Amino acid sequence: MNRRDRPKVIANFAITADGKVSTRNHTPATFTSPRDKQRLLEIRATADAILVGRNTIATDTMSMTLRDRALQARRRAKGLPAQPLRVIVSNRGDLDPSWKVFQSPGARRIVFSTVRMPEATRQALLPHCDLHLLDAKTIPIEDVLSALRGIYDIRTVLCEGGPTLLRSLIEIDALDLLHLTVAPIVFGGKKAPTLTGTKPGFLRSIAHFHLESLRVIAGECFLRYRAIRQ
Ligand SMILES: NC(=O)c1ccc[n+]([C@@H]2O[C@H](COP(=O)([O-])OP(=O)(O)OC[C@H]3O[C@@H](n4cnc5c(N)ncnc54)[C@H](OP(=O)(O)O)[C@@H]3O)[C@@H](O)[C@H]2O)c1
């Protein structure tokens, strides 16, 4: 996909020392420190939109908001809206309008799904979001990126998970910057997802990154990787 047709894509993930983003039961990703949570908000504040997959919304009960007043003020000073747009992707469209993300005040919500979304869900979601339903079984993630750029003028999007969504971005070579926090714990578990989820297959091609920054604070390792394009 041509870089001009999509936003810059940033991702932020926390992983354990054995490379897991969650347990095999897909429990919420709450294993890092308050410092890491604040860092996530600071990264969130740099984006025009936050992009999240259906299961992460369901598991982590996210509101996808930026409530920190100082960070909101910093955005306003740059001429940006106080909060980034909230973007959710789901092929099946099994989304519940009572979820926190649909009930909490904040920026506009945009849902990308397919015609598989049940009619009742469509009607229930419509008051809460812009609904884009593709006539396909699964959503090509490049269509989401080009719609974000073309319709919403999104220049920078932050993927906050989960691993299935991240994998789809890496597979089309659309991940530009990866923020990783390595927590000093080990989960184990063959079925616990890594950064690219639980799919057994390798990526079609190896994704290469350059380590741009590394900081160790109170046992946690904060890394920033930039994609290298061959
Ligand atoms: N450690 C961390 O930093 C971190 C960050 C985020 C999440 N997590 C953890 O990751 C786990 C969830 O993993 P997951 O891989 O299932 O999460 P996910 O990527 O958020 O959700 C997967 C679902 O999202 C939709 N989806 C993902 N990519 C899509 C794409 N390209 N196009 C259309 N729909 C797409 C699909 O929904 P449908 O099934 O509706 O089609 C898919 O089944 C949770 O335990 C969560 O806590 C950890």
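The notes below deal with the structure included here. (Residues numbered from 1 in each chain as written. Predicted model: local features only at pLDDT ≥ 70, side-chain atom pairs only at ≥ 80, totals over all residues.)

**Details of the overall build of the protein chain**
We apply this condition: Numbering of helices and strands runs from the N terminus; a helix is a DSSP stretch of H or I covering at least four residues, while a strand is a stretch of E covering at least two. Radius of gyration here uses only the C-alpha atoms, and the compact-globule reference equals 2.2 Å multiplied by the residue count raised to the power 0.38. Two residues qualify as a contact pair if the distance between their C-beta atoms, derived from the backbone, is within 7 Å.
Within the protein chain, the regular secondary structure consists of seven helices and nine strands. For 230 residues, the compact-globule estimate of 2.2 N^0.38 gives 17 Å, and the C-alpha radius of gyration of the protein chain, at 17 Å, lies within 12% of that figure. Look at the contacts in the protein chain between residues 6 or more apart in sequence, and 70% of them connect residues 24 or more apart.

**As for helix 7 (residues 163-171)**
Just so we agree on the cut-off: Here the C-beta atoms are placed from the backbone, and a residue counts as buried if at least 20 other C-beta atoms lie within 10 Å of its own, exposed if 12 or fewer do, and partly exposed otherwise.
Where burial is concerned, most of helix 7 is hidden: seven out of the nine residues are buried. Taken residue by residue, helix 7 has P163, L165, L166, R167, S168, L169 and I170 as its buried positions. Residues of helix 7 that are buried make contact with strand 1 (8-16), strand 2 (49-53), strand 3 (85-89), helix 6 (141-150) and strand 6 (156-159). D173 sits one or two residues past helix 7 and shows a positive phi near 60 degrees.

**Describing unusual backbone geometry**
Across the junction of G161 and G162, the peptide omega takes the value 0 degrees, indicating a cis bond. Checked against the element boundaries, G162 lands in the loop between strand 6 and helix 7. At D173, a position not held by glycine, the phi torsion is positive, near 60 degrees.

**Observations regarding the sheet that holds strand 4 (residues 109-114)**
Basically, it comes down to this: Strand pairing is assigned whenever DSSP identifies at least 2 bridges connecting the two strands. Whenever a helix is involved, its axis is fitted only over the stretch in contact; in every case the axis is a line through C-alpha atoms, and angles between N-to-C directions fall within 0 to 180 degrees.
Taken in spatial order, the nine strands line up as 5-4-3-2-6-1-7-9-8 in an open sheet, and their pairing is mixed. With partners counted over all chains shown, the strands left at the sheet margins are strand 5 (130-134) and strand 8 (208-217), one partner each. Here the strands of the sheet are splayed against their neighbours by 20 degrees on average, with no regard to which way each runs. As judged from the four bridges shared by strand 3 and strand 4, these two strands associate in the parallel manner. Of the residues in strand 4, the one forming a bridge with V87 is I110.

**Some remarks on the site of the ligand**
Let me state the cut-off plainly: A molecule or strand has a residue near it when that residue's C-beta atom, placed from backbone coordinates, lies within 6 Å of it. Lys, Arg, Asp and Glu make up the charged group, whereas Ala, Val, Leu, Ile, Met, Phe, Trp, Tyr, Cys and Pro make up the nonpolar group; the residues left over, Gly among them, are polar.
Residues in contact with the ligand amount to 30 residues; listed here are only the nearest, G53, N55, N91, G161 and G162. Counting only elements with at least two residues in the shell around the ligand, the list comes to strand 1, helix 2 (54-60) and helix 7. Of all the elements, helix 2 adds the most residues to the shell around the ligand, at five residues. Of the residues in the shell around the ligand, the class split is eleven nonpolar, 14 polar and five charged.

**Side note on the nonpolar core**
The condition that has to hold: By convention the nonpolar core is taken to be a set of buried residues drawn from Ala, Val, Leu, Ile, Met, Phe, Trp, Tyr and Cys and joined through C-beta atoms within 7 Å.
Ranked by internal contacts, the top residues of the largest apolar core, which has 43 residues, are A49, V157, C159 and L169. Looking at which element gives the most residues to this core, the answer is strand 1, with six residues. With residues up to four places along the chain from it excluded, the contact list for A49 reads P84, L85, V87, L148, I154 and V157.

**Structural notes on the pairing of strand 5**
Stated formally: Crossovers are described as right-handed under a simple rule: with the strands pointing away from the observer, the path leading from the first strand over the helix to the second runs clockwise.
Pairing of strand 4 with strand 5 involves five bridges; the strand directions are parallel. Bridge pairing links I110 to D130 in strand 5. Each parallel crossover has a hand, and for strand 4 linked through helix 5 (residues 119-125) to strand 5 it is right-handed.

**Focus on the environment of A77**
Note that A77 resides in helix 3 (residues 69-77). On the basis of neighbour counts, which here come to 8 C-beta atoms within 10 Å, the residue A77 falls in the exposed class. Sequence separation of A77 and C129 is 52 residues, and the distance between their C-alpha atoms is 27 Å.

**Comments concerning the environment of V157**
Tracing the backbone through its elements, the reader meets V157 in strand 6. You can call V157 buried: it has 27 C-beta atoms within 10 Å. Put simply, V157 and A107 are 50 residues apart on the chain and 14 Å apart in space, counted from C-alpha to C-alpha. Dropping the residues within four chain positions of it, V157 is found in contact with P7, V9, A47, D48, A49, L51 and L148.

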